[in-house]
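Fold and contact review
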Amino acid sequence: QVQLVESGGGLVQAGGSLRLSCAASGRTFSLYPMGWFRQAPGKEREFVAAIGGSAGNTYYADSVKGRFTISRDSAKDTVYLQMNSLKPEDTAVYYCAASKNYKTTIVVVLAYDYWGQGTQVTVSS
């Protein structure tokens, strides 16, 4: 059974930092894309960042570019999201996602086959 377990969310003041982790189990995703999405109350789930498989190419939403960094430890089947210079508008539930094969695009919800349960990130002003 595949599981993605996120951790690292919490409450932080504007300008602060958090590091999210997502550990996969049940199969390996080291060759395939993994990503982070977020969903604020009353809004659709939106793309935040993604990282390719073996090549490790990274992609970011414009709203987080320069502030967030996605990385992965393939040996541990874990993906990270380092979030710096946090803003109140970053407040949302953050979801980890993993794809079971190669995709032509990895910045959309439909590219992913597995999802974590989500972790709350709250940024106070």
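Further up the page is the structure itself.
This write-up is about the structure you can find in this document. (Residues numbered from 1 in each chain as written. Predicted model: local features only at pLDDT ≥ 70, side-chain atom pairs only at ≥ 80, totals over all residues. Heavy atoms only, no water.)

In this section: the pattern of salt bridges. Inspection of the entire model under this criterion finds five salt bridges. Salt-bridge contacts for D90 lead to R67; the nearest nitrogen and oxygen are separated by 2.8 Å. Here the residue D90 occupies a position in the loop between strand 8 (78-83) and strand 9 (92-98), and R67 occupies one in the loop between strand 6 (58-60) and strand 7 (68-73), the gap between them amounting to 23 residues. Given the relative accessible area of 1%, D90 is considered buried. (Salt bridge = Lys/Arg side-chain N within 4 Å of Asp/Glu carboxyl O. Helix = DSSP H or I, 4+ residues; strand = E, 2+ residues; numbered from the N terminus. Buried < 20%, exposed > 50% of the residue type's maximum accessible area, 1.4 Å probe, protein only.)

This brings us to the sheet that holds strand 7. Read across the open sheet, the four strands follow the order 1-3-8-7; overall the sheet is antiparallel. The open sheet is flanked by strand 1 (3-7) and strand 7, the only strands paired with a single partner. In this sheet, adjacent strand axes meet at a mean angle of 15° when their direction is disregarded. Across six bridges, the pairing between strand 3 (residues 18-25) and strand 8 is antiparallel. Of the residues in strand 8, the one forming a bridge with L20 is L81. (Pairing = 2+ DSSP bridges. Axes fitted to C-alpha atoms, helices over the stretch in contact; angles between N-to-C directions.)

This paragraph deals with the pairing of strand 8. Counted residue by residue, strand 8 has five buried out of six residues, so it is predominantly covered. Sheet analysis places strand 7 next to strand 8, joined by six bridges and oriented antiparallel. Across the sheet, residue R72 finds its bridge partner in strand 8, namely V79. Counting the residues in the hairpin turn of strand 7 and strand 8 gives four residues, including D77, whose phi is positive at 50°.

Tallying each qualifying case throughout the model produces one disulfide. One disulfide bridge connects C22 with C96, the sulfur atoms lying 2.0 Å from each other. In this structure the cystine formed by C22 and C96 twists about its S-S bond by roughly -75°; its chirality is therefore left-handed. In this pair, C22 sits in strand 3 while C96 sits in strand 9, placing the two residues 74 residues apart along the sequence. When its relative accessible area of 0% is taken as the criterion, C96 is described as buried. (Disulfide = S-S within 2.5 Å.)

Nothing here speaks to function; it is all geometry.
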